Amino acid sequence: MIRIENVSKSFYKRDTAVDAVQNMNLTIERREIVAVIGPSGCGKSTLLNMIAGLYAPTRGRVVYKDAPVSGINTDVGYMTQKDSLLPWRSVRDNVAFPLELAGVAKAERSDRADQVIQHVGLRGFEERYPNELSGGMRKRACLGRMMLYGAETALLDEPFAALDAQLKLAMHDLMLRLASENDQTVVLVTHDLMEAVTLADRVLVCTRRPATIALEQRIDLERPRDVLNVRFSSAFKEHYDTLWERLRVEYSEDRV
Ligand SMILES: Nc1ncnc2c1ncn2[C@@H]1O[C@H](COP(=O)(O)OP(=O)(O)OP(=O)(O)O)[C@@H](O)[C@H]1O
Ligand SMILES: [Mg+2]
């Protein structure tokens, strides 16, 4: 579905260059869920931006379904790290925005938006505006919008970061169900290793900046996964420990 071929990305400002991603190679299969984890500032969001077609790689190329990505890729739904709700629109109108762009009639898009809003636990807030919501509620509204968009590929940048433990589990379950029902391919950036192992078919550990892949671990836990209990299996623990061992090195090097 997605191929990252020898991709490097540097940002230039006057005479200085910041290398964010270096020589990355990666192939993501259709319907695969890939989690990307690594130290803050290492280049994870930059990688998603390139897959979405927002940034062009400095070297190498991103290929989506056999075509090089050269502009915004509309087959991809992207939930960015910074929430991008439109402040002048209610929760309902924000969530329904992709349907509006697609020309769906008002009554239908309101109905469908309200269903999703209920799924993400925001019932009663349909008429509220983004500045009336908490950080976690805004994240959930973005998640709802993303789900309603129903793109064949979802890029999620720390989508569950501001949520409490209970809500996180509910959202994990929802994400897995929707991804499976809609045959979605998912690339998920997270700082939560437990979350990565719970959700993903494959976890990629990135090095500190510039990001390269330090470790790639296939998570062969059976599906559908019980997001609450999967973490108690010994297979889970083995995956977790292996990944943590590598991640710890990246984190500690980061502090030298
Ligand atoms: N548009 C930009 N212009 C200049 N530098 C940028 C830009 N976007 C990212 N960078 C730089 O690239 C590096 C990687 O940033 P990126 O946002 O990809 O990190 P990240 O891994 O997503 O971090 P975090 O976990 O904190 O979100 C950083 O040093 C950042 O300053
Ligand atoms: Mg980021």
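Small disclaimer: the values here were computed from a predicted structure and weren't measured.

1. A word on the environment of G124
Of note, G124 is situated in the loop between helix 4 (106-119) and helix 5 (135-149). Note on G124: 10 C-beta atoms within 10 Å, which makes it exposed. A C-alpha to C-alpha distance of 39 Å links G124 and E29, two positions 95 residues apart in sequence.

2. A few points about the packing of helix 4 against helix 5
At a minimum axis separation of 9 Å, helix 4 and helix 5 run at an interaxial angle of 130°. Accordingly, the angle class assigned to the pair helix 4 and helix 5 is oblique. Pair helix 4 / helix 5 crosses with right-handed handedness. Where helix 4 abuts helix 5, its residues R112, A113, V116, I117 and H119 lie against G144, M147 and L148.

3. Overview of the site of ligand 1
All residues in the neighbourhood of ligand 1 are listed as F11, V18, A20, S40, G41, C42, G43, K44, S45, T46, Q81 and R209. Residue assignment for the shell around ligand 1 shows that the elements contributing at least two residues are strand 2 (16-28) and helix 1 (44-52). The leading source of residues in the shell around ligand 1 is helix 1, at 3 residues. Its residues placed into classes, the shell around ligand 1 shows 4 nonpolar, 6 polar and 2 charged.

4. Considerations on the domain arrangement of the chain
As assigned here, the chain comprises domain 1 (28-55 + 69-75 + 153-256) and domain 2 (84-150). The distance between the C-alpha centroids of domain 1 and domain 2 comes to 24 Å. Across the contact, 9 residues belong to domain 1 and 9 residues belong to domain 2. The dominant element in the side of domain 1 that touches domain 2, judged by the number of residues it contributes, is helix 6 (residues 165-181), at 4 residues. Its residues assigned to classes, the side of domain 1 that touches domain 2 shows 8 nonpolar, 1 polar and no charged.

5. Brief notes about the sheet that holds strand 9 (residues 202-206)
One open sheet holds the 6 strands; their spatial order is 6-7-8-3-9-10, and the pairing between them is mixed. A single partner strand is all that each edge strand has here, and the edge strands are strand 6 (76-79) and strand 10 (213-218). Averaged over neighbouring strand pairs, the angle between their axes works out to 15° when direction is ignored. Judged from the 4 bridges that link them, strand 3 (residues 33-37) and strand 9 form a sheet pairing that is parallel. Its bridge partner being in strand 9, A35 is matched across the sheet by V203. Strands strand 6 and strand 7 (153-157) of the sheet are contacted by helix 5, whose axis makes an angle of about 175° with strand 6.

Definitions and cut-offs
- Residues numbered from 1 in each chain as written.
- Chains lettered and ligands numbered in written order.
- Predicted model: local features only at pLDDT ≥ 70, side-chain atom pairs only at ≥ 80, totals over all residues.
- Helix = DSSP H or I, 4+ residues; strand = E, 2+ residues; numbered from the N terminus.
- Buried ≥ 20, exposed ≤ 12 C-beta atoms within 10 Å, placed from the backbone.
- Axes fitted to C-alpha atoms, helices over the stretch in contact; angles between N-to-C directions.
- Parallel < 35°, antiparallel > 145°, perpendicular 65-115°, else oblique.
- Left-handed = near helix turned anticlockwise from the far one by under 90°.
- Contact = placed C-beta atoms within 7 Å.
- Near = placed C-beta within 6 Å.
- Nonpolar A, V, L, I, M, F, W, Y, C, P; charged D, E, K, R; others polar.
- Domains from an automatic or database assignment.
- Pairing = 2+ DSSP bridges.

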